[in-house]
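# Remarks on the overall topology
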Amino acid sequence: IHHFTFFPFREQPIFSTRAHVFQIDPNTKKNWVPTSKHAVTVSYFYDSTRNVYRIISLDGSKAIINSTITPNMTFTKTSQKFGQWADSRANTVYGLGFSSEHHLSKFADKFQEFKEAARLAKEKSQEKMELTSTPSQESAGGDIQSPLTPESINGTDDERATPEVTQNSEPRAEPTQNALPFTHSSTISKHWEAELATLKGNNAKLTAALLESTANVKQWKQQLAAYQEEAERLHKRVTELECVSSQANAVHTHKTELNQTIQELESTLKKKEEEIERLKQEIDNARELQAQRDSLTQKLQEVEIRNKDLEGQLSDLEQRLEKSQNEQEAFRNNLKTLLEILDGKIFELTELRDNLAKLIECS
């Protein structure tokens, strides 16, 4: 019976991890069908009341794994990050995909540990059933060595009459020597009646023990038949899994190639991301250069405007300079003319002086 609910006060999680959950395709028995869209929590639960270990995983309110660990289960690592086990009660094979090899190894170790604990619990339970179902040999009140058969428990009519016959036959063999008084024979009769009552009580106890043993034997036969059916079904399941394993190698090779392709794509994606980051930096640098260019363009325009103003001022100064030069040239010419006139006047005055000096000397 598979319970799809668990009781938080009776069952407690003892180990949890996260993994992607798969189940074998019930039609093809070859392909894996994902039962969860993303990684979910997978936990080991322990039921202290029934002494049972279970693997439970919930996707929302839906139980996608509810597997009771039995001693005949085996958890198999099919790759570095994937493992599986077969659940005969659920008639399926569960698969778990982990994020790392460490998580897979940890889950596998816990599976082996709880599987061994389930085996020990089953052995203890069987020993307890054997102890409770074995009839007590001390309840007969004496040493009972014969097998438990209806004849030996209830006794035949001849056997039940044997004690009285034996006691009466001995006095009859030698009546003159062993004859007993009436009171003594009455006491012996009461003694044998008490013994007979004790034997009847023991007989009833042994009958109940026999019935209980018979019921236990029937129950064990039913369990044995169920175990045989389970063994046959598991044998068929193993045969199917062997057929599946022949194709698992090709799937594993294909999966390895896919993993390599994924790694290459991840490497390419990483390079592209680095290239995108570099381009983003270049774009940021280009934006900074554009801002600097705009600033320099604005400054250049201001400089050009100022240059035009300076050119206008320079042209005005050139005109003023040319005008000043013309005026200076005219002023020089006037000075030259005045110097020439002055030189003539000086020459005339010199001649006049020389003449006056001569006149003074002559006079």
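Let us look at the structure shown here. Quantities reported herein were computed from a predicted structural model and do not represent experimental measurements.

What follows is about the nonpolar core. Counting residues in each nonpolar core, the largest one holds 23 residues, and the members touching the most others are Tyr44, Ile55, Ile65, Trp85, Leu96 and Phe107. Of all the secondary structure elements, the ones that give two or more residues to this core are β1 (11-24), β3 (40-47), β4 (52-59), β5 (62-68), β8 (92-97) and α1 (101-133). In terms of residue count, the dominant contributor to this core is α1 (six residues). Non-local contacts of tryptophan 85, meaning those with residues more than four positions away in its chain, are made with Ile55, Ile65, Ser67, Met73, Thr74, Phe75, Val93, Tyr94, Leu96, Phe107 and Phe111.

Another aspect to go through is the packing of aromatic side chains. Under the definition given, this model contains 14 aromatic pairs. Look at tryptophan 32 and phenylalanine 82: their rings are 5.4 Å apart centre to centre, the planes differ by 65°, and that puts the pair in the edge-to-face class. Highlighted residues: tryptophan 32 in strand β2 (residues 32-34) and phenylalanine 82 in strand β7 (residues 82-87), separated in sequence by 50 residues. Assessed through its relative accessible area of 29%, tryptophan 32 is described here as partly exposed. On the basis of an interplanar angle of 10° and a centroid distance of 5.1 Å, the ring pair of tyrosine 53 and phenylalanine 114 is categorised as stacked.

Glancing now at the pairing of β5. For β5, a buried count of five out of seven residues is recorded, marking the element as mostly surrounded by other parts of the structure. Where β4 lies against β5, six bridges are found, and the strand directions are antiparallel. Paired with leucine 58 across the two strands is alanine 63, which belongs to β5. In this structure, the hairpin formed by β4 and β5 is closed by a connection of two residues, where glycine 60 is found at a positive phi of approximately 75°.

Assignment of secondary structure puts serine 48 in the loop between β3 and β4. In this structure serine 48 comes out as partly exposed when scored by relative accessible area, which is 49%. For the pair serine 48 and glutamine 12, spaced 36 residues apart in sequence, the C-alpha to C-alpha distance is 8.6 Å.

With that settled, the discussion passes to the pairing of β7. As paired strands, strand β6 (residues 76-77) and β7 are joined by two bridges and run antiparallel to one another. For lysine 77, the partnering residue across the bridge sits in β7 and is glycine 83. Counting the residues in the hairpin turn of β6 and β7 gives four residues. Where β7 meets β8, six bridges bridge the pair, whose relative direction is antiparallel. In the sheet register, glycine 83 faces β8, and the bridge partner there is leucine 96.

Definitions and limits used
Residues numbered from 1 in each chain as written. Predicted model: local features only at pLDDT ≥ 70, side-chain atom pairs only at ≥ 80, totals over all residues. Heavy atoms only, no water. Core = buried A, V, L, I, M, F, W, Y, C linked by side-chain atoms within 4.5 Å. Buried < 20%, exposed > 50% of the residue type's maximum accessible area, 1.4 Å probe, protein only. Helix = DSSP H or I, 4+ residues; strand = E, 2+ residues; numbered from the N terminus. Contact = heavy atoms within 4.5 Å. Phe/Tyr/Trp six-rings, centres within 6.5 Å; stacked < 30°, edge-to-face > 60°. Pairing = 2+ DSSP bridges.

No statement about biological role is implied by the geometric values presented.
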